[in-house]
Amino acid sequence: QVQLVESGGGLVQAGGSLRLSCAASRSSFSINTMGWYRQGPGKQRELVARSTSSGTTNYADSVKGRFTISRDNAKNTVYLQMNSLKPEDTAVYYCNAGVISGSVAFSYWGQGTQVTVSS
């Protein structure tokens, strides 16, 4: 099992920055994929950014160039640096960990952290 705890959310003005952190209960070396998802009011949960243990990263088009995902395996932590925030970024942000064991994939979720961007 993998336990994920997010932190770093809050209220910021448009154009400001926040950094989200997600600490995992086991070494990140055992996790194939870690990512950030978000769900705004009345919207589906969507991928924001993800990374693999090999270093491959992917970003949603709406955040590319503004957000950066990074991993610190020694601290079992993944980060999301968010710059130039827009009101449309307002959402609950969830940390996700994906583990592949044999032919079965397991997905774990944190409880979420609120990000609110005011105009």
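This one's a predicted model, so the numbers in the text were calculated from it and none came from an experiment.

I would appreciate a short explanation of the pattern of salt bridges in the present structure.
Should the charged atoms of two oppositely charged side chains come close, the side chains can pair. Enumeration according to the criterion identifies 3 salt bridges in this entry. Residue Arg38 pairs with Asp89 through a salt bridge whose shortest N-O separation is 2.9 Å. With Arg38 in strand E4 (residues 33-39) and Asp89 in the loop between strand E8 (77-82) and strand E9 (91-101), the pair connects residues that are 51 residues apart, well separated along the chain. A salt bridge links Arg66 to Asp89; the shortest N-O distance between them is 2.9 Å. Here Arg66, found in the loop between strand E6 (57-59) and strand E7 (67-72), pairs with Asp89, found in the loop between E8 and E9; they are 23 residues apart in sequence, far enough to count as distant. Note on accessibility: Arg66 and Asp89 belong to one class, buried. One salt-bridge network, held together by shared partners, links Arg38, Glu46, Arg66 and Asp89.

Sorry if this is basic, but what is going on with the sheet that holds E8 here?
What the 4 strands build is an open sheet, ordered E1-E3-E8-E7; its pairing is antiparallel. With partners counted over all chains shown, the strands left at the sheet margins are strand E1 (4-7) and E7, one partner each. On average, adjacent strands in this sheet sit at an angle of 15° to one another, irrespective of strand direction. Across 4 bridges, the pairing between E1 and strand E3 (residues 18-24) is antiparallel. Each bridged residue has a counterpart across the sheet, and for Val5 the counterpart in E3 is Ala23.

For this particular structure, what's the right way to read the pairing of E3?
Regular strands have side chains that alternate between both faces of the sheet. For E3, a buried count of 5 out of 7 residues is recorded, marking the element as mostly surrounded by other parts of the structure. Bridge count between E3 and E8: 6 bridges; the pairing is antiparallel. From the neighbouring strand, Leu18 faces E8, where its bridge partner is Met82.

It is not clear to me how the environment of Thr77 should be interpreted in this structure. Could you clarify?
As for its placement among the helices and strands, Thr77 is situated in strand E8. Taking the relative accessible area as the measure of exposure, Thr77 reaches 9% and is therefore buried. Spatially, the C-alpha atoms of Thr77 and Val92 are 19 Å apart, while their sequence positions differ by 15 residues. A distance of 2.8 Å separates a polar side-chain atom of Thr77 from the backbone oxygen of Lys75.

Honestly, the state of the cysteines in this entry has me stumped. Any pointers?
Note on terminology: a disulfide is the covalent bond linking the sulfur atoms of two cysteines. The tally for this structure, following the rule as stated, stands at 1 disulfide. Here Cys22 connects covalently by a disulfide to Cys95, the sulfurs 2.1 Å from one another. The chirality of the disulfide connecting Cys22 with Cys95 is left-handed, given an S-S dihedral of about -85°. With Cys22 in strand E3 and Cys95 in strand E9, the pair connects residues that are 73 residues apart, well separated along the chain. Comparing Cys22 with Cys95, the two get one shared label, buried.

In this structure, what is going on with the environment of Tyr93? I would like to understand it.
Tracing the sequence through the fold places Tyr93 in strand E9. Taking the relative accessible area as the measure of exposure, Tyr93 reaches 0% and is therefore buried. If near-sequence neighbours (up to four positions away) are discounted, Tyr93 is found in contact with Glu6, Leu20, Trp36, Tyr37, Arg38, Val48, Phe67, Leu80, Met82, Gly112, Thr113 and Val115.

Rules used throughout
- Residues numbered from 1 in each chain as written.
- Predicted model: local features only at pLDDT ≥ 70, side-chain atom pairs only at ≥ 80, totals over all residues.
- Heavy atoms only, no water.
- Salt bridge = Lys/Arg side-chain N within 4 Å of Asp/Glu carboxyl O.
- Helix = DSSP H or I, 4+ residues; strand = E, 2+ residues; numbered from the N terminus.
- Buried < 20%, exposed > 50% of the residue type's maximum accessible area, 1.4 Å probe, protein only.
- Pairing = 2+ DSSP bridges.
- Axes fitted to C-alpha atoms, helices over the stretch in contact; angles between N-to-C directions.
- Polar contact = N/O pair within 3.5 Å; in protein donor to acceptor, adjacent residues only side chain to side chain.
- Disulfide = S-S within 2.5 Å.
- Contact = heavy atoms within 4.5 Å.

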